[in-house]
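Inside the fold
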Amino acid sequence: MALIDLANPSRFLALAGRILPWLTAATLLAFAFGLSQAVIAPDDYQQGATAKIMFIHVPAAWLGMFIWALMSVAALGTLVWRHPLADVAAKTAAPIGAAFTLQCLITGSLWGRPMWGTYWVWDGRLTSVLVLFLMYLGVIALWRTIEEPSRAARAAAVLTLVGAINLPIIKFSVDWWSTLHQPASVLRLGGPTIHPSILLPLIAMAIAFLLLFVTLHLAAMRNEIMRRRVRTLLMMQADAAAGR
Amino acid sequence: MNALAALMIRDMRLAVRLGGGALIGILFFLIVVTLVPFAIGPDLALLKRIGPAILWIGALLASLLALDRLIAADHEDGSLDLILTARVPLELTVAAKAIAHWLTTGLPLVVAAPLLGLLLNLDPKASGAVALTLLAGTPALTFIGLIGAALTVALRRGGLLLAVLVLPLTIPVLIFGVAASNAAIVGPLPFGTPFMILCALTLMTLVIGPFAAAVALRHGLE
Amino acid sequence: MDLGPHAAFIVTAYAVAVVIVTALIIWVMVDHRRQQRILAELEAKGLTRRSDRAGEATT
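What counts, and at which threshold
- Residues numbered from 1 in each chain as written.
- Chains lettered and ligands numbered in written order.
- Predicted model: local features only at pLDDT ≥ 70, side-chain atom pairs only at ≥ 80, totals over all residues.
- Helix = DSSP H or I, 4+ residues; strand = E, 2+ residues; numbered from the N terminus.
- Buried ≥ 20, exposed ≤ 12 C-beta atoms within 10 Å, placed from the backbone.
- pLDDT = per-residue confidence, 0-100.
- Contact = placed C-beta atoms within 7 Å.
- Expected span 1.5 Å × (residues − 1).
- Bend = angle between axes of the 7 residues up to and from the residue.
- Nonpolar A, V, L, I, M, F, W, Y, C, P; charged D, E, K, R; others polar.
- Core = buried A, V, L, I, M, F, W, Y, C linked by C-beta atoms within 7 Å.
- Axes fitted to C-alpha atoms, helices over the stretch in contact; angles between N-to-C directions.
- Parallel < 35°, antiparallel > 145°, perpendicular 65-115°, else oblique.
- Left-handed = near helix turned anticlockwise from the far one by under 90°.

**Considerations on the overall build of chain C**
Along its length, chain C carries 1 helix and 0 strands. Of all 59 residues assigned to chain C, the portion counted as buried reaches 10%.

As structure tokens, then:
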């Protein structure tokens, strides 16, 4: 089956149905491995066991940004190539991206309290991620507010692309701003360079979360295709009732 | 180009005539600046320190409120359809509308800022700095707002959504606008650095705004 | 496994991650069941997509 066949929603549904069980199994295995590595990872000499929060915080951050990039590619697919599944991919990715960004913010906050004494600080990285979260919510709001699916898709595509251009600018501005207003003490969020015994669990968990995203995304795309079919059928029903 | 000039003049006449855009914007600006001391307390030293920030946020919110007159008003009375079918490229048309919008709602805010600075105990140098940064930055706010207005044009109650979409995008402008103002007042940064970046941001939005808005309008109204 | 003096924060952070991931999974699963149910109901009423009606004359 050629790649182009994936553009056909029916074929996509069939393929998704076949792949999902395998993806689910792979995700579970990846988490089993990743978590086991996280448990046995040695304590950081500065932060103690608290460094283990990194294994669920950093992958969430990576995914939050990666998913917006993915949505931007889908946006191009909608606007430039009019790929039929691009809309579906973009719409379903947004809530998942928002959830991972939220996870990043909350776990980061819980990491910050014992380590640096405060739940929140307006430094460059935290603030940029907060703004990213707000932009996710904005895109989701736009999807939900415009009723007609293909119009909503095109509007969301424009917003996603404008956001993609603006995110590096926001990151730069916020970093610049936080270096202006940073108090005397230097907050080092990165910590020391990562030792392999901590790097391995981190990568393992990152792969696990990535597989989780792919599984969830595929399943959500399947749901969205079904939802659109329901809409089409209901409209057919309404047309028939109106005698058209 | 005659068509664009005509469009701009028409927009400006409408904005001034309906007693809307221009004067209401300044009034809202005044009200916001008045509200802040009620919330913070009349401590003049504190107000002086955060004065530039208050003025910038007031201008930002006032710009935001005026945005529904940018495109939605034309959509309601049908002129938007005429604009879309005109021979002039849509990108230029929306840019012209945005310029007209800024002249009637953004520029008055710039003029009002030094006067409102008096209420916040800003000295003339500070007020001048804030006004200059607003002059450079309010076009960016208008052109970013243009994108949001184009995206939400056909929505009936799109006002709040418009704000939610536009505000995160305006954060860099706000950051550098206030930073430039403060640099002029207390240093140690030279005023030029953040001011140049602010101007760069505005120039970028002058290009990105019309293109994104045109795409949004073309696709959103099919 | 000794999580040190800040164990509460570590456990809470992991718990939050579990809650968020579980919520995502539940969302996807519930939505799936709901769409399946609606499609089955519509098909029972005789509404199907044109491409699903093999060889039928259009009414």
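**Let's talk about the overall build of chain A**
When you go through chain A residue by residue, the secondary structure sums to 6 helices and 0 strands. Ordered by position from the N terminus, the helices and strands of chain A form the series α-α-α-α-α-α. Overall size of chain A, expressed as C-alpha extent along the three principal axes, is 75 × 40 × 30 Å. Scored against the burial criterion, the 244 residues of chain A give a buried share of 41%.

**Notes on the confidence of the model for chain A**
Any residue range with low pLDDT should be treated as having predicted coordinates unsuitable for detailed reading. Residue and element names in this part refer to chain A. When pLDDT is averaged across chain A, the result is 87; 92% of the residues are at 70 or more. Element-level pLDDT for chain A is lowest in helix 5 (residues 149-181), with a mean of 89, against a maximum mean of 94 in helix 2 (residues 54-81). Ignoring residues within four places in sequence, the model shows residues 184-188, a span with pLDDT below 50, making 3 contacts including any to other chains.

**As for helix 3 (residues 44-66) of chain B**
All names here are of chain B. Between the first and last C-alpha of helix 3 there are 30 Å, a value that for 23 residues agrees with the 33 Å anticipated at 1.5 Å per step. Of all the bends in helix 3, the greatest reaches close to 60° and is centred on I50; the proline P52 follows between one and four positions later. Inspection of helix 3 places G51, P52, I54, L55, W56, G58, A59, L60, A62, S63, L64 and A66 among the buried residues, and these make up the whole buried set.

**Quick notes on the interface of chain B and chain A**
Counting from both sides, the interface comprises 20 residues of chain B and, opposite them, 22 residues of chain A. Elements supplying a minimum of two residues to the side of chain B that touches chain A: helix 7 (124-151), helix 8 (159-186) and helix 9 (192-220) of chain B. In terms of residue count, helix 8 of chain B provides more of the side of chain B that touches chain A than any other element does, 10 residues in total. The residue inventory of the side of chain B that touches chain A, partitioned by class, reads 17 nonpolar, 2 polar and 1 charged.

**Some details on the interface of chain A and chain C**
Across the boundary between the two partners, chain A contributes 29 residues, which contact 23 residues of chain C. When residues of the side of chain A that touches chain C are assigned to their parent elements, the largest contribution, 12 residues, is made by helix 6 (residues 196-241) of chain A. Broken down by class, the residue content of the side of chain A that touches chain C amounts to 19 nonpolar, 6 polar and 4 charged.

**Here we look at the confidence of the model for chain C**
Chain-level pLDDT for chain C is 84 on average; 80% of the residues reach the 70-or-more range. Note on residues 55-59 of chain C: pLDDT is under 50 here. Beyond four places in sequence and across chains, it has 0 contacts.

**Focus: the environment of B:T152**
Secondary-structure assignment places B:T152 in the loop between helix 7 and helix 8. Every residue in contact with B:T152, bar those within four places of it in the chain, is listed here: B:G158, B:L161 and B:L162.

**Points about the arrangement of the chains**
There are 2 pairs of chains in contact here, and the one with the most contacts is chains A and C. At no point do chain B and chain C touch; the closest pair of C-alpha atoms across them sits 24 Å apart.

**Re the nonpolar core**
In this structure, A:A90, A:V158, B:L146, B:A150 and B:A216 are the most contacted members of the largest nonpolar core, which totals 142 residues. Not counting the four nearest positions on each side in its chain, B:A150 is found in contact with B:I71, B:A213, B:A216 and B:L217.

**Looking at unusual backbone geometry**
The phi angle at A:R82 is positive, at roughly 55°, despite the residue not being glycine. Under the C-beta neighbour-count criterion, A:R82 is labelled exposed, with 12 such atoms within 10 Å.

**Side note on the environment of B:K48**
Residues and elements named next belong to chain B. Looking at the secondary structure, you find K48 in helix 3. By the C-beta count within 10 Å, which is 16 here, K48 ends up partly exposed. Linking K48 and T142, residues 94 residues apart in sequence, is a C-alpha distance of 27 Å.

**Points about the packing of helix 7 of chain B against helix 8 of chain B**
All names here are of chain B. For the pair helix 7 and helix 8, the least separation of the axes is 9 Å and the interaxial angle reads 165°. On the basis of the axis angle, helix 7 is roughly antiparallel to helix 8. Two packed elements cross with a definite hand, and for helix 7 against helix 8 that hand is right-handed.

**Examining the packing of helix 3 of chain B against helix 6 (residues 90-119) of chain B**
Residue and element names in this part refer to chain B. Taken N-terminus to C-terminus, the directions of helix 3 and helix 6 make an angle of 150°; their axes are 10 Å apart at the nearest point. On the basis of the axis angle, helix 3 is roughly antiparallel to helix 6. As for the relative orientation of helix 3 and helix 6, their crossing is right-handed in sense. Of helix 6, the residues touching helix 3 (which contributes G51, L55, A59, A62, S63 and A66) are T105, G106, L109, A113, L116 and G117. Partitioning the contact of helix 3 with helix 6 into residue classes produces 7 nonpolar, 5 polar and no charged.

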